[in-house]
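Here's the letter readout for the chains.
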Amino acid sequence: MNESDLSLAKAMVGMEINTTGTTHRKSVVGRVQEKVFSPTQRNKCETCSCGGEMDQQKAQDRRRTRSLNAPSPVQQFGPCGRIMKNSAMVMTIQDPASQRLTWYKPPLTVLVIKKVRDASVLSPFVQLVHWLIKEKNMVVFVEHSVMDDSMLQANSSFQAVKDKLMTFQDGKDDLTDKIDFIICLGGDGTLLYASLLFQQSVPPVMAFHLGSLGFLTPFEFENFQDQVTNVLEGYAALTLRSRLRCIIMRKDEEKGLVPSTNLLVLNEVVIDRGPSPYLSNIDLFLDGKHITSVQGDGLIVSTPTGSTAYAVAAGASMIHPSVPAIMVTPICPHSLSFRPIVVPAGVELKIMLSNDARSTACVSFDGRYQQELRQGDSLRVTTSIYPVPSICAQDQISDWFDSLAECLHWNVRKRQKHLDELSDLTQSSSNDTLDSLEQSEQIDS
């Protein structure tokens, strides 16, 4: 990477890169506990339950003995073929199963986000805020609009701590480097809002299920004191939910292409026909190569986290959030053969209106900030280096499959009867028929 490329990369994503290409992620207090295993250690973990050289306590803390990453492929193929070695091959990929939260100093500030216009959340909100201030001596931030809630004004417990709350206004106050920890009370929308507030490094997020669906909120509010205490003491697994960096480049007559929008999304970016009666006609490029033209209602570009949202309703597969990938899903395509695809997380997607498009398109980011995409404009989508560290109630695997079962009722059906049960039913039915025939014969006689 030359100096000009380095400057461009810094300008586009606001990240710090040193001259060796190492990426530094900023955080306030929380960080991921890194555990790197050699091939020998990994093989031992695959053949025994104790992790080889790890003692029993470490094995219990780690919970899983197998890596969630695929095994490293061999580098030689047959007697003569092998992969050509180059510097780009050298990289360390942390096992998602080993991602556990650790604090390098005690967290002091917590942001509490509650679901708006929902009276059922008010009581848990007051309990949590009161406990954090009185028992944990933490500085609590809430949205400024919370202070004006008429239902909270009548709550004596809230009035007792109201003057100790710190407030912020979305779009005006910058929370970067001010928040150590985030607690969400509500549904999935509260986690999406937390992602929106932090457009770079995101503090660890603990989400309580107090909404209608709650696919991304694994914690139940009962016994919240013990659960929050465990997290504050560093006993928690993490799911690093990747986000997409979306940049709209506007066509300018004098300056050429000029960036106008730069946002990170947790679920998806959607390009659709908006109010137009015409089909969307969109060109899709992958790393500069034209892949296809989309004719239909639109296109969804989503993260693995977003695969269980709009994308799955449009026919896409559901992908575990630890899988590094980007999903491309057409919305009602005007072609029976246009199926959703999954591409590597490291590619750049570019989306533009086709030259023969009959109308403009609309772009929205996690359901917000809808904008018009005009002829000559382009949308660039890449995977961001700033994920959302979502705290697990159990672990990465159990939480996800529990959500599939409880929220989406995945693969729920009445079980097929065993053959023995069928034979018993058949025998019973036959006997009933013979008995009825005998009774009718006796009556006739």
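Not measured: the values here are computed from a predicted model. (Residues numbered from 1 in each chain as written. Predicted model: local features only at pLDDT ≥ 70, side-chain atom pairs only at ≥ 80, totals over all residues. Heavy atoms only, no water.)

1. A look at the overall build of the chain
Thought 1: Scanning the chain from N- to C-terminus turns up 11 helices and 24 strands.
Thought 2: Residue burial in the chain is summarised as follows: out of 445 residues, 41% are buried.
Thought 3: Relative to all contacts within the chain whose residues are 6 or more apart in sequence, the contacts with residues 24 or more apart total 69%. (Helix = DSSP H or I, 4+ residues; strand = E, 2+ residues; numbered from the N terminus. Buried < 20%, exposed > 50% of the residue type's maximum accessible area, 1.4 Å probe, protein only. Contact = heavy atoms within 4.5 Å.)

2. Remarks on the nonpolar core
Thought 1: Among the nonpolar cores identified, the biggest contains 36 residues, and Phe125, Leu132 and Phe181 are the most heavily contacted of them.
Thought 2: Of all the secondary-structure elements, those providing two or more residues to this core are strand 6 (100-103), strand 7 (109-114), helix 4 (122-134), strand 8 (139-143), helix 6 (156-161), strand 10 (181-186), strand 11 (205-209) and helix 8 (224-232).
Thought 3: Discounting residues that sit within four places of it in the chain, phenylalanine 125 has contacts with Val112, Lys114, Val142, Val146, Leu152, Phe158 and Leu185.
Thought 4: Membership of the second largest hydrophobic core comes to 27 residues, among which are Ile271, Val363, Leu373 and Leu379. (Core = buried A, V, L, I, M, F, W, Y, C linked by side-chain atoms within 4.5 Å.)

3. Section: helix 4
In an α-helix, one turn spans 3.6 residues; hence positions three or four apart end up facing the same way.
Thought 1: Between the first and last C-alpha of helix 4 there are 18 Å, a value that for 13 residues agrees with the 18 Å anticipated at 1.5 Å per step.
Thought 2: Here helix 4 has its buried residues at Leu122, Pro124, Phe125, Val126, Leu128, Val129, Trp131, Leu132 and Ile133.
Thought 3: Elements that come into contact with the buried residues of helix 4 comprise strand 7, strand 8, helix 5 (150-153), helix 6, strand 10 and helix 8. (Expected span 1.5 Å × (residues − 1).)

4. A few points about the side chain of aspartate 377
Thought 1: Structurally, aspartate 377 is set in the loop between strand 22 (368-373) and strand 23 (378-383).
Thought 2: Polar side-chain contacts of aspartate 377 include one of 2.8 Å to the side chain of arginine 250.
Thought 3: Apart from residues lying up to four places away in sequence, aspartate 377 is in contact with Met249, Arg250, Lys251, Ile351, Met352 and Glu372. (Polar contact = N/O pair within 3.5 Å; in protein donor to acceptor, adjacent residues only side chain to side chain.)

5. Quick word on a negative patch on the surface
Thought 1: Together, Glu220, Glu222, Asp402 and Glu406 make up a negatively charged patch on the protein surface.
Thought 2: Within the secondary structure, glutamate 222 is located in the loop between strand 11 and helix 8. (Patch = residues over 30% accessible without salt bridge, like charges linked within 9 Å, V, L, I, M, F, W, Y side chains within 5 Å. Areas by Shrake-Rupley, 256 points an atom, 1.4 Å probe, with all protein chains shown as cover. Salt bridge = Lys/Arg side-chain N within 4 Å of Asp/Glu carboxyl O. Lys, Arg positive; Asp, Glu negative; His and termini not counted. Charge placed at Lys NZ, Arg CZ, Asp CG, Glu CD.)

6. Quick word on the pairing of strand 7
Thought 1: Of all the 6 residues making up strand 7, 6 are buried; the element is thus mostly covered by neighbouring parts of the structure.
Thought 2: Here strand 7 shows no split at all, with Thr109, Leu111 and Ile113 on one side and Val110, Val112 and Lys114 on the other all buried.
Thought 3: Where strand 7 and strand 8 come together, 3 bridges link them in parallel fashion. Looking across to strand 8, one finds that valine 110 is bridged to valine 140.
Thought 4: Between the parallel elements strand 7 and strand 8, the chain passes through helix 4 in a crossover that is right-handed.
Thought 5: The sheet contact formed by strand 7 and strand 10 spans 5 bridges and is parallel. Across the sheet, the residue bridging to valine 112 is isoleucine 183, located in strand 10. (Pairing = 2+ DSSP bridges. Right-handed = clockwise from strand over helix to strand, strands pointing away.)

7. Let's talk about the packing of helix 4 against helix 8
Thought 1: Their axes nearest at 11 Å, the elements helix 4 and helix 8 cross at an angle of 50°. If you check the angle between helix 4 and helix 8, you find them oblique. Seen along the crossing, helix 4 lies across helix 8 with a hand that is right-handed. The segment helix 4 lies against helix 8, with Gln127, Leu128, Trp131 and Leu132 engaging Phe224, Gln225, Val228 and Thr229. (Axes fitted to C-alpha atoms, helices over the stretch in contact; angles between N-to-C directions. Parallel < 35°, antiparallel > 145°, perpendicular 65-115°, else oblique. Left-handed = near helix turned anticlockwise from the far one by under 90°.)

8. Quick look at unusual backbone geometry
Thought 1: Non-glycine residue asparagine 137 carries a positive phi angle of around 55°.
Thought 2: For asparagine 137, a relative accessible area of 63% puts it in the exposed group.
Thought 3: Phi at asparagine 223 takes a positive value of approximately 60°, unusual for a residue other than glycine.
Thought 4: Within the secondary structure, asparagine 223 sits in the loop between strand 11 and helix 8.
Thought 5: Given the relative accessible area of 46%, asparagine 223 is considered partly exposed.

9. Some thoughts on the confidence of the model for the chain
Thought 1: Overall, the prediction assigns the chain a mean pLDDT of 83, with 79% of residues at 70 or greater.
Thought 2: Contacts for the low-pLDDT stretch residues 34-62, under 50 throughout, to residues beyond four places or in other chains number 25 contacts. (pLDDT = per-residue confidence, 0-100.)

10. What about the side chain of serine 364?
Thought 1: Mapping serine 364 onto the fold places it in strand 21 (residues 361-365).
Thought 2: For serine 364, a relative accessible area of 12% corresponds to the buried category.

11. Describing the pairing of strand 16 (residues 280-286)
Thought 1: Taken across its 7 residues, strand 16 has 6 buried, putting it largely inside the fold.
Thought 2: In the sheet, strand 16 pairs with strand 17 (residues 289-302) via 7 bridges, with the strands oriented antiparallel. Note that in strand 17 the partner of isoleucine 282 across the bridge is valine 294.
Thought 3: Here strand 16 runs beside strand 20 (residues 349-353); their pairing, made up of 5 bridges, is antiparallel. Among the inter-strand pairings, aspartate 283 is bridged to a residue of strand 20, identified as methionine 352.

12. Points about a nonpolar patch on the surface
Thought 1: There is a patch of nonpolar side chains on the surface, built from Leu213, Phe401, Leu408 and Trp410 and spanning about 360 Å² of accessible area.
Thought 2: Examined against the element boundaries, leucine 408 turns out to sit in the loop between helix 10 (396-407) and helix 11 (419-444).

13. Thoughts on the environment of threonine 383
Thought 1: Its place among the elements puts threonine 383 in strand 23.
Thought 2: Given the relative accessible area of 28%, threonine 383 is considered partly exposed.
Thought 3: On a C-alpha basis, the gap between threonine 383 and glycine 346 in space is 6.5 Å, while along the polypeptide they are 37 residues apart.
Thought 4: When near neighbours in sequence (up to four residues on either side) are disregarded, threonine 383 contacts Ser242, Arg243, Leu244, Ile326 and Ala345.
Thought 5: Polar side-chain contacts of threonine 383 include one of 2.7 Å to the backbone oxygen of alanine 345.

14. Notes on helix 10
Thought 1: In this model helix 10 runs 16 Å from its N-terminal to its C-terminal C-alpha over 12 residues, within 8% of the 16 Å that 1.5 Å per residue would give.
Thought 2: Tucked into the core, helix 10 has its buried residues touching strand 12 (238-241).
Thought 3: Where helix 10 begins, one side-chain oxygen reaches toward the backbone nitrogen of isoleucine 397, 3.0 Å away; that side chain belongs to aspartate 395.

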